[in-house]
Each structure stands twice: as structure tokens, then as C-alpha cells.
Amino acid sequence: MQNIAVIGSGTMGNGIAHVFAQKGFQVSLIDISESALARGIQNITVNLERQIKKGLLTESDKNETLQRVKTFTSVADGVANAELVVEAASENIEVKLEIFRQLDKLAPSGAILATNTSSISITKIGSVTQRPEQVIGMHFMNPVPVMKLVEVIRGYSTSNEVTASIMDISRGLDKVPVEVNDYPGFVSNRILMPMLNEAIETLFEGVAGVEEIDTVMKLGMAHPMGPLQLADFIGLDVCLAILRVLQEGFGNPKYAPCPLLVNMVQAGHLGSKTGKGFYLWSKDSKELVVADRFRK
């Protein structure tokens, strides 16, 4: 397998394109606009240069990696020769279902169709295609070039052969694949999101402040990043969307999102990507400053 298509050039999509291209795959990066694609290529370039500074790559490696990534605004053109398509669009079920309807018609009949969804049912996504046995979850972690885990999620109809192929491909990317079954949130977010939500509830109820909650988890539980900082980094809108998938999928009130999280998302305070969440975020500084409304 040599030809990979990636749908979406945002944070996850360009990261996925980066790791495939760095390992010698020919990558078609697809998005709806040239400007989005330009930003994606710029992010790949910046991340490759970061690897050079760390002594992990040479300038020649960077140039060869970038040469392997071609950009497309046409899905039909981008997936025409794909052996594997990885969808990394927004975490919205209607968006993903429509993309997979298109991919089923446009991608070669033998192509594997993978989704980077962090919580949406692989079985549901596969059901809108004529090849559900070739549909699988390939959930990379952010930032993709750094994080080792790939959660490989089998839908109800996903074949053993497709699962084995994706496990092998993930290892070839120097990732550690873990096979899981298709239930809401899979493993990673079924465990992570209730923890983040509980940290937000703890803040909401006034038990402790932002820095205090994060410090307890970092120093007491050896977490590299506090839960409120992590929620900001993931995106509060993404956290809310996943919690709602869990709540609907299991019908259990324990997954109900904290009202504070709901209000912050409605206000447009989504974390690092908007510059304001539980912390204030700046591209020019790595210093964490608690947002005004959460200061004691």
C-alpha cells in the first residue's frame, strides 16, 4: 500500500498526512478550499522544522516529505488512486456520513475507508456505504507526529483482514495500535471525558480553582497536563460533542455535560484554538494564565 488520501487539512488531518508522508507514502490531502490546504501544508512544514531542531530529521528529509503531499479541493480527484482513505473532518455525525456516502461512490472499490472520529459509531458510518466490511476507525492522538497511540476501532461488520491491515500500517508509522470494539467513546474517550467533565464540575461547584485542580492531578496523579488545561487543548466544543455522544449512546445521566462547559461553548470560549477557555492562550507565549472569570 502506497497511496493514501486524507480528508480534512486541520490539526488532525495535516498531522495524519505528515506521518504518512514522512514514512514514504504518497499522500493526497483534501479540503474544501485552497486557503485551508495552504494552512495545512504550513503546519506540516512547521512541525517538520521542529523535528529538525530536535535532531530527528534532516533538511533533505523535510523536503522529501513535503514533496510526497499533494493537495486537492476535489474529493473525486484526491481519492481516485487511494488504497486507504482517512477521514479527519469535524466531529459531526452528519458531516461524516455525507463524506462516507461520497467516498463509497468515488474511492476505488478495494480501498479501505477509515475515520479518525474520536467517539462516533464506526458501525453507523459503515452503514451508509456498500462496503461496511472495509470501514474502520483509525483514531490518532493529538499532536499526531508526537503521540504514539492509534486506537483501531472495529465496526460491527469490519473484516478481520481490514483490521489486520490497519494494525500493520499503524505499526509501520511507528505507532502503537490498540484494537477496540465499537461502543460510544471507544476506550480513550469513554474514560477520559468523564474525568474532564468531573474536573469541570469540581470547578463549577467551587470546590477548588483552575490551577488547584490541575496541580492536584499533575502532582498527585502524575498526569503530564491537568484536566482543565487538557480540555482547553482538545477544544471545549469537542469535549462537549463527545460527552453528548456518550450520554445518548449509553442513556446514562452520568455522562451529562457540566452546565459550565455548555455555557463556555455557547459563549465561544473553546480553549486554545480561540485563545480563551479555562486559561488564556497566546501563540507567542507558553505561559499559562487563568482566564479572568476563573481567577480568585
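Residues numbered from 1 in each chain as written. Predicted model: local features only at pLDDT ≥ 70, side-chain atom pairs only at ≥ 80, totals over all residues. Heavy atoms only, no water.

- In the nomenclature of an unreviewed UniProt entry, the protein corresponds to 3-hydroxybutyryl-CoA dehydrogenase from the organism Xanthocytophaga agilis.

## A short note on the overall build of the protein
Here is step 1 of the chain: Check the secondary structure of the protein and you find 12 helices and 10 strands.
Here is step 2 of the chain: At 19 Å, the protein has a C-alpha radius of gyration in line with the 19 Å of a compact globule built from 296 residues.
Here is step 3 of the chain: Once the C-alpha set of the protein is aligned to its principal axes, its extents read approximately 55 × 45 × 35 Å.
Here is step 4 of the chain: Of the contacts formed within the protein by residues at least 6 apart in sequence, a portion of 64% connects residues at least 24 apart. (Helix = DSSP H or I, 4+ residues; strand = E, 2+ residues; numbered from the N terminus. Rg over C-alpha atoms; globule rule 2.2 N^0.38 Å. Contact = heavy atoms within 4.5 Å.)

## A look at the sheet that holds strand β3 (residues 69-72)
Here is step 1 of the chain: Taking strand neighbours across the sheet as the criterion, the 8 strands line up as β3-β2-β1-β4-β5-β6-β7-β8 in an open arrangement whose pairing is mixed. Edge strands, defined here as strands with exactly one partner in the open sheet, are β3 and β8 (176-181). Looking at each pair of strands side by side, their axes are set apart by 25° on average, direction ignored.
Here is step 2 of the chain: Pairing analysis gives 4 bridges linking strand β1 (residues 3-7) to strand β4 (residues 84-87), with the strands arranged parallel. Counterpart to V6 in the pairing with β4 is V86. (Pairing = 2+ DSSP bridges. Axes fitted to C-alpha atoms, helices over the stretch in contact; angles between N-to-C directions.)

## Examining helix α7 (residues 160-172)
Here is step 1 of the chain: With 13 residues, α7 should reach 18 Å at 1.5 Å per residue; the first-to-last C-alpha distance of 18 Å fits that figure.
Here is step 2 of the chain: Within α7 the residues assigned to the buried category are V162, T163, I166, M167, I169 and S170. For α7, the angular spread of buried residues about the axis comes to 165°, placing them on one side. Among the exposed residues of α7, those oriented more than 90 degrees off its buried face are N160 and E161.
Here is step 3 of the chain: The elements touched by buried residues of α7 are α1 (11-22), β4, β5 (112-115), β6 (135-140), β7 (149-154) and β8. (Expected span 1.5 Å × (residues − 1). Buried < 20%, exposed > 50% of the residue type's maximum accessible area, 1.4 Å probe, protein only. Arc of directions from axis to C-beta.)

## Topic: the UniProt feature "domain: 3-hydroxyacyl-CoA dehydrogenase NAD binding" (unreviewed entry) in the protein
Here is step 1 of the chain: The UniProt record marks residues 3-182 with the feature "domain: 3-hydroxyacyl-CoA dehydrogenase NAD binding" (unreviewed entry), using the residue numbering of this structure.
Here is step 2 of the chain: Between the end C-alpha atoms of residues 3-182 there is a gap of 27 Å, over a span that is 44% helix and 22% strand. (UniProt positions renumbered as here; feature names shortened; annotations may be inferred.)

## Here's the deal with the pairing of β5
Here is step 1 of the chain: Residues I112 and A114 line one face of β5 and the alternating positions L113 and T115 line the opposite face, and both faces are buried.
Here is step 2 of the chain: In terms of strand pairing, β4 meets β5 through 4 bridges, oriented parallel. By the bridge assignment, V85 is partnered in β5 with L113.
Here is step 3 of the chain: As judged from the 3 bridges shared by β5 and β6, these two strands associate in the parallel manner. Among the inter-strand pairings, L113 is bridged to a residue of β6, identified as V135.
Here is step 4 of the chain: Note on the crossover from β5 through helix α6 (residues 122-127) to β6: the handedness is right-handed. (Right-handed = clockwise from strand over helix to strand, strands pointing away.)

## Describing the packing of helix α9 (residues 210-221) against helix α10 (residues 227-234)
The angle between the axes and the distance between the axes are what describe a pair of packed helices.
Here is step 1 of the chain: Direction vectors running N to C along α9 and α10 enclose 100°, while the axes themselves pass 7 Å from each other. The angle between α9 and α10 falls in the class roughly perpendicular. Here V210, I213, D214 and M217 of α9 come into contact with α10, specifically with P227, L228 and Q229.
Here is step 2 of the chain: Split into classes, the residues belonging to the contact of α9 with α10 amount to 5 nonpolar, 1 polar and 1 charged. (Parallel < 35°, antiparallel > 145°, perpendicular 65-115°, else oblique. Nonpolar A, V, L, I, M, F, W, Y, C, P; charged D, E, K, R; others polar.)

## Some words on the pattern of salt bridges
Here is step 1 of the chain: What the rule picks out here adds up to 11 salt bridges.
Here is step 2 of the chain: For K62, the salt bridge identified is with E59, shortest N-O distance 3.0 Å. Of this pair, K62 and E59 are both found in helix α3 (residues 59-67), 3 residues apart, which corresponds to roughly one turn of the helix.
Here is step 3 of the chain: The exposure class of K62 is buried, given its relative accessible area of 8%.
Here is step 4 of the chain: The partly exposed category is assigned to E59, whose relative accessible area is 43%.
Here is step 5 of the chain: The residue K96 makes a salt bridge to E87 at a minimum N-O spacing of 2.5 Å. Here K96 and E87 have matching classes, each one buried.
Here is step 6 of the chain: Overlapping salt bridges, with partners in common, bring together E49, E59 and K62 in one network. (Salt bridge = Lys/Arg side-chain N within 4 Å of Asp/Glu carboxyl O.)

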